[in-house]
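Listed below are the residues making up each chain.
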Amino acid sequence: MISDQLTDSRDAQAAIEVANATVRFNTDQGEVTALQDLSVEIGVGQLATVIGPSGCGKSTLLRLIADLLAPTAGNVAVFGAPSHRARKARRLGFVFQDAALLPWRTAIRNVELPLEVGGGASGGRPHRDPGELLDLVGLNGRHHAYPQELSGGMRQRVSIARALVTQPQVLLMDEPFGALDAITRGRLNVELLNIWAKTATTIVFVTHSIDEAVFLGQRVIVMSANPGRVHREIDVPIGYPRTPDLRESTEFVTIAAQVRRALETA
Amino acid sequence: MKTGTAATDDAAGDGMKTDAAATPQDEGTPRRAPRTPWQSHLRTAFWVILGFVVTIAVWQSIITIRDVPNYVVPPPGDVWESLNSDFDTLWSNTKPTAIESIGGFMIGSLGAIVLAIIFVHSRIISRMFLPIVIVIRTIPVVAIAPVLVLMLGNGLAPKVVIAALISFFPTLVNMVEGLQSVDSQSVELFRVLSASKWEVFWKLRIYKSLPFLFASLKIASTASVIGAVVAEWIGSDEGLGALIILATFNFRTSLLYATMVFASILALVLFAAIALLERLVVRWQPE
């Protein structure tokens, strides 16, 4: 079934299409090229992970797709339209590295934020029930807790719920579990796969961890630095649901080794 | 004294421990029984009161040992007596000063908040007028006070204006900083959500600025009392400032000290009111 999904998504219209994108920044040290002539395509419903050395522009790539940055050259399309249209139509959800919750709002009020701003839930725009979403990410009974009363893992769960409340078609995740301990991280990886299975969202997941990249992704995009570009793309032909035991399988270890070698030459 | 309390405390803690000793797994629980909030308040109050007692004792003993004349430094007993016998005078002069400080504080803070919002939203206005604001800020209040008395006369107005001026600057500077204190991730979050400038202001910037605002309001609340008192020195026949001048020229040193006590209490009451308001409004800050 998963292989079907894979071929399907490759053939159909891409959810995300980055074509020959270059991003340059002007800094005090002069002009820095964060991304150089980068092209990548991610199919509808796919879960792609992005890995690479520090400064390879992983986060820049996500911000480019989210229309938080404009490309210096090249094109970014989300469902065939310019990315700013996707952003305004609430087709994009973004999960930040450190949750970025508003400390003066309780968990549920944080999840409600997207429904209050930018046109919110008006005009019959699709949205999900914030309470149900919090239950989905495992925050039953903590809806009215303030962020500082929650652990790092719980905060990140809230921020995932917040990103999902507008029913985005694309979920962009910028090292969301990077600051968490290994146990929490492993648990959230499994839960993210469950959420993905339930919501059928296209996910681009940036990570530093080879293990995480292979465990989550249908495809691992390995980037190289100076300037940032796609170095290799490695398919992960392992079916879902994936369980933590998968990490001990020969298949997993082989692919992880492949990714590691790709990173070494990146 | 200190060791005595600690010993009693430990004894109580050990008592608790033996009661709970049946469960071996509570190895990690703290040795002492947790204090209730009331107990810790009482404890704080105890040390504060002890501090006052020690200070007054030192004050009295210096006067006794060095034989300081009463009109230079009055003994604590005389000040206490003045607080009682001159209470009506002190109280009736506290009222105008309180009105001037509170009025000035409210006008100054409100003006500062409004101007800070304008500055944050308009770079041109900020560039034009922020330097003027900074220049005015460097002029000491004592220098501005006579100018304002000349302009506004001997009544309530110059005092309120000076109290307002002195509250204005810390609040303006802090509020501008607070409104600009948004972190890049929050800005990105609101952008991903396509929030308008208005929404970013009301749902992000205002909240971010509140801790900054209250920090400066606490400073401004006590500063406004200073402003009112200084303004009363220049020209007034009522208020704590006027009473300070009167007591000084008549060598009524005990009354002078009693007036300082009243001025200090007034400032503390204003400070406490703002601190209370902060606790009611900024509930999300961890203790």
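Scroll up a little and you will see the structure.
(A) Structural context of the overall build of chain A. A tally of helices and strands in chain A yields nine helices and 10 strands. For chain A, the C-alpha radius of gyration of 18 Å lies close to 18 Å, the compact-globule estimate for 266 residues. Structurally, chain A occupies a C-alpha span of about 50 × 45 × 40 Å along its principal axes.

(B) Inspection of the overall build of chain B at higher detail. A tally of helices and strands in chain B yields 11 helices and zero strands. Secondary structure elements in chain B, listed N-terminal to C-terminal, are α-α-α-α-α-α-α-α-α-α-α. With 287 residues in all, chain B has 29% of them scored as buried. Considering only residue pairs separated by 6 or more positions, chain B has 75% of its internal contacts joining residues 24 or more positions apart.

(C) Representation of the interface of chain B and chain A. Each partner contributes to the interface: chain B provides 15 residues, whereas chain A provides 18 residues. When residues in the side of chain B that touches chain A are grouped by element, the largest group, seven residues, is from helix H8 (residues 184-192) of chain B. Within the side of chain B that touches chain A, the residues separate by chemical class into eight nonpolar, three polar and four charged.

(D) Spatial organisation of the pairing of strand E7 (residues 170-174) of chain A. Residue and element names in this part refer to chain A. In terms of burial, E7 is largely enclosed, as five of its five residues are buried. Alternating positions in E7 separate into two faces, Val170, Leu172 and Asp174 on one and Leu171 and Met173 on the other, with burial throughout. In this sheet, E7 lies alongside strand E6 (residues 92-95) in parallel orientation, the contact comprising four bridges. In the sheet register, Leu92 faces E7, and the bridge partner there is Val170. As paired elements, E7 and strand E8 (residues 202-207) share five bridges and run parallel to each other. Opposite Leu171, over in E8, you have Ile203 as the bridge partner.

(E) Expanded view of the sheet that holds E6(A). Residues and elements named next belong to chain A. One open sheet holds the six strands; their spatial order is E6-E7-E8-E3-E9-E10, and the pairing between them is mixed. Each end of this open sheet is capped by a strand with a single partner; those strands are E6 and strand E10 (229-235). Between one strand axis and the next, the sheet turns through 20° on average, direction left out of account.

(F) The arrangement of the nonpolar core in detail. Core analysis: the biggest nonpolar cluster contains 81 residues, and A:Val50, A:Ile65, A:Ala161, A:Leu172, A:Val204 and A:Val259 have the highest contact counts within it. By size, the runner-up hydrophobic cluster in this structure holds 46 residues, among which are B:Met175, B:Val225, B:Val229 and B:Phe262.

(G) Examining the environment of B:Val282 more closely. Residues and elements named next belong to chain B. The topology assignment puts Val282 in the segment after helix H11 (253-281). Judged by the 15 C-beta atoms lying within 10 Å of it, Val282 is partly exposed. Here the alpha-carbon distance between Val282 and Pro211, two residues 71 residues apart in the chain, equals 7.1 Å. Contacts of Val282, omitting those with residues within four sequence positions, involve Leu210, Pro211 and Phe214.

(H) The arrangement of the environment of A:Pro168 in detail. Within the secondary structure, A:Pro168 is located in the loop between helix H6 (152-164) and E7. C-alpha of A:Pro168 to C-alpha of A:Ala197: the two residues are 29 residues apart in sequence and 14 Å apart in space.

(I) Structural view of the environment of B:Arg137. Summarising the element assignment, B:Arg137 is placed in helix H5 (residues 123-138). Measuring from C-alpha to C-alpha, the distance between B:Arg137 and B:Tyr207 comes to 27 Å, with 70 residues separating the pair along the chain.

(J) The pairing of strand E2 (residues 30-43) of chain A, seen in detail. Residues and elements named next belong to chain A. Judged from the 10 bridges that link them, strand E1 (residues 14-27) and E2 form a sheet pairing that is antiparallel. Paired with Asn26 across the strands is Glu31, a residue of E2. Between E1 and E2, which pair antiparallel one after the other, the connecting turn spans two residues.

(K) Here's a closer look at helix H2 (residues 37-66) of chain B. Under the 1.5 Å per step criterion, the end-to-end length of H2(B) is 44 Å for 30 residues, consistent within 8% with the ideal 44 Å. Where H2(B) terminates, the next one or two residues include B:Asp67, which has phi positive at roughly 60°.

(L) Quick peek at the packing of helix H6 (residues 141-152) of chain B against helix H9 (residues 197-234) of chain B. Residue and element names in this part refer to chain B. Following both chains from N to C, one finds H6 and H9 inclined at 55°, their axes separated by 9 Å at the closest point. Considering the angle they form, H6 stands oblique to H9. Crossing angle aside, the handedness with which H6 passes H9 is right-handed. Across the interface between the two elements, Val141, Val142, Ala145, Pro146 and Val149 from H6 touch Gly227, Val230, Ala231 and Ile234 from H9. Within the contact of H6 with H9, the residues separate by chemical class into eight nonpolar, one polar and no charged.

Procedures and definitions
- Position numbers for residues count from 1 along each chain, tracking the sequence in the order it is written.
- The lettering of chains begins at A and the numbering of ligands begins at 1, in the order of writing.
- Local features are withheld for residues below a pLDDT of 70 in this predicted model, meaning they are given only at 70 or higher, and side-chain atom pairs are given and counted only at 80 or more; totals for whole chains, interfaces and linings count all residues.
- Strands are runs of DSSP state E lasting at least 2 residues, helices are runs of H or I lasting at least 4, and numbering of each runs from the N terminus.
- Throughout, radius of gyration means the C-alpha value; the globule benchmark is 2.2 Å times the number of residues raised to the power 0.38.
- Put simply, a residue is buried when 20 or more other C-beta atoms lie within 10 Å of its own C-beta and exposed when 12 or fewer do; between those, it is partly exposed, and each C-beta is set from the backbone.
- Any two residues are considered in contact once their C-beta atoms, placed from the backbone, lie within 7 Å.
- Each residue gets one label: Ala, Val, Leu, Ile, Met, Phe, Trp, Tyr, Cys and Pro are nonpolar, Asp, Glu, Lys and Arg are charged, and the others, such as Gly, are polar.
- Following DSSP output, two strands are said to pair if at least two bridges run between them.
- Interaxial angles span 0 to 180 degrees and are taken between N-to-C directions of axes, which are lines fitted to C-alpha atoms, for helices over the stretch in contact.
- Residues of type Ala, Val, Leu, Ile, Met, Phe, Trp, Tyr and Cys that are buried and joined through C-beta atoms within 7 Å form what is called a nonpolar core.
- How far a helix is expected to stretch is found by multiplying one less than its residue total by 1.5 Å.
- Each angle receives one of four descriptions, namely roughly parallel if under 35 degrees, roughly antiparallel if over 145, roughly perpendicular if within 65 to 115, and oblique otherwise.
- Crossing handedness: left-handed means the near helix sits turned counterclockwise from the far one by under a right angle, and right-handed means the same turn made clockwise.

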